[in-house]
Amino acid sequence: MSDVVCEVIAQLPTKYGTFEAHGYVDQRSGEHHVALVKGDIADGEPVLCRVHSECLTGDTFGSIRCDCGEQRSRAMRQIEKEGRGVFLYMRQEGRGIGLINKLKAYVLQEQGMDTVEANLALGFKDDERDYSAGAMILQDLGIKKLRLMTNNPTKIDGLNEYGLEIVERVPIQMPINPFDKYYMQTKQKKMGHMTTYEV
């Protein structure tokens, strides 16, 4: 039996298009995750997919300290354009450290630390995310092969580890701005993100 359970499926019309929202509960943590599904994704063919970690500041408030909101928008538009795919929204704010700790990390960054140093100073790893629940959700949806929209090699390794085959990495690089430049460069330099910013 899987550790994730689909509790509900509902139609979700959005400004990007209409998706089928699959609401999942992780039985281990009690956390809720949502898979927005477009088209027939269980036909065995590779599926365009974005595994997106919750970012309240970027996704909801429009923060430009990160590129999360822009990545979310581009991924949903791309899935809608192709007419087939999954946007998986995972409740793991701040690379897994939670909203309040993410805001504390912001303060440390304002004092001169980079995002990795700030997480470590708060007693966390640079990235606390666990991709097991995401992999189980994708497998529950009948997916075996992914065309994954990501710049993050750890995400590719994390999903591969749980039996999903990444047949293509689809880059999703956003332009940098004065508020997220250092953050984006740090992810590239220290976390191995596959981007082409000048560092």
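My aim in this report is to walk through the structure given alongside it, one point at a time.

What counts as what
- Residues numbered from 1 in each chain as written.
- Predicted model: local features only at pLDDT ≥ 70, side-chain atom pairs only at ≥ 80, totals over all residues.
- Heavy atoms only, no water.
- Helix = DSSP H or I, 4+ residues; strand = E, 2+ residues; numbered from the N terminus.
- Rg over C-alpha atoms; globule rule 2.2 N^0.38 Å.
- Contact = heavy atoms within 4.5 Å.
- Areas by Shrake-Rupley, 256 points an atom, 1.4 Å probe, with all protein chains shown as cover.
- 1 Å grid on protein atoms, 1.4 Å probe; cavity = no way out; pocket = protein on both sides within 12 Å on 5 of 7 lines; lining within 4 Å.
- Points joined across faces, edges and corners; volume = space filled by probe spheres on them.
- Nonpolar A, V, L, I, M, F, W, Y, C, P; charged D, E, K, R; others polar.
- Salt bridge = Lys/Arg side-chain N within 4 Å of Asp/Glu carboxyl O.
- Buried < 20%, exposed > 50% of the residue type's maximum accessible area, 1.4 Å probe, protein only.
- Pairing = 2+ DSSP bridges.
- Phe/Tyr/Trp six-rings, centres within 6.5 Å; stacked < 30°, edge-to-face > 60°.
- Lys NZ or Arg CZ within 6 Å of the ring centre and 35° of its normal.

**What about the overall build of the protein?**
- Each helix and strand counted, the protein has eight helices and seven strands in total.
- For 199 residues, the compact-globule formula gives about 16 Å, and the C-alpha radius of gyration of the protein, at 16 Å, lands near that figure.
- When the backbone C-alpha atoms are referred to their principal axes, the protein occupies close to 50 × 35 × 30 Å.
- Sequence-distant contacts in the protein: of pairs separated by 6 or more residues, those separated by 24 or more amount to 60%.
- Carbon and sulfur atoms form 52% of the exposed surface of the protein, whose accessible area is close to 9,800 Å².

**As for the layout of surface pockets**
- Its boundaries defined by the atoms lining it, the largest pocket holds a volume of some 190 Å³.
- Every residue lining the largest pocket is listed: Asp 26, Arg 28, Ser 29, Glu 31, His 33, Met 90, Arg 91, Gln 92, Asp 130, Ser 132 and Ala 133.
- Here the lining of the largest pocket is built from residues that sort into two nonpolar, four polar and five charged.

**Some words on the pattern of salt bridges**
- Considering all chains together, one arrives at twelve salt bridges under this definition.
- Put simply, Glu 80 and Lys 38 hold a salt bridge, and the shortest N to O gap is 2.7 Å. Remark: Lys 38 occurs in strand E3 (residues 32-38) and Glu 80 occurs in helix H2 (residues 68-82); sequence separation between them is 42 residues.
- Glu 80 sits in the partly exposed class, given a relative accessible area of 26%.
- The salt bridge partner of Glu 82 is Arg 147, with a shortest N-O separation of 3.0 Å. You can see Glu 82 sitting in helix H2 and its partner Arg 147 sitting in strand E6 (residues 145-149), a full 65 residues away along the chain.
- By sharing partners, the salt bridges in this structure join Asp 3, Asp 26 and Arg 28 into a single network.

**So, the pairing of strand E4 (residues 47-53)**
- The element E4 is largely enclosed, with a buried count of seven among its seven residues.
- Across the two faces of E4 the burial is the same, with Val 47, Cys 49, Val 51 and Ser 53 and Leu 48, Arg 50 and His 52 all buried.
- Looking at chain direction, E4 and E6 are connected through three bridges and run parallel. Bridged to Val 47 within E6 is Leu 146.
- Relative to strand E5 (residues 85-90), E4 is paired through five bridges, and the arrangement is parallel. Looking across to E5, one finds that His 52 is bridged to Tyr 89.

**Quick look at the packing of aromatic side chains**
- All told, the structure shown has one aromatic pair when counted by the stated rule.
- Ring centres of Phe 87 and Tyr 89 lie 6.3 Å apart, and the angle between their planes is 25°; this geometry places the pair in the stacked category. Comparing Phe 87 with Tyr 89, the two get one shared label, buried.
- Lying across the ring of Tyr 106, Arg 65 places its NZ or CZ 4.0 Å from the centre.

**Side note on the pairing of strand E1 (residues 4-14)**
- Direction of pairing for E1 relative to strand E2 (residues 17-26): antiparallel, over a ladder of ten bridges. Of the residues in E2, the one forming a bridge with Ala 10 is Ala 21.
- What sits between the antiparallel neighbours E1 and E2 is a turn of two residues.

**Here we look at the environment of Arg 74**
- With respect to the helices, strands and loops of the structure, Arg 74 is situated in helix H2.
- Expressed as a C-alpha distance, the spacing of Arg 74 and Leu 141, which sit 67 residues apart in the sequence, is 22 Å.
- Excluding its chain neighbours within four sequence positions, the residues that come into contact with Arg 74 are Ile 172, Gln 173 and Met 174.

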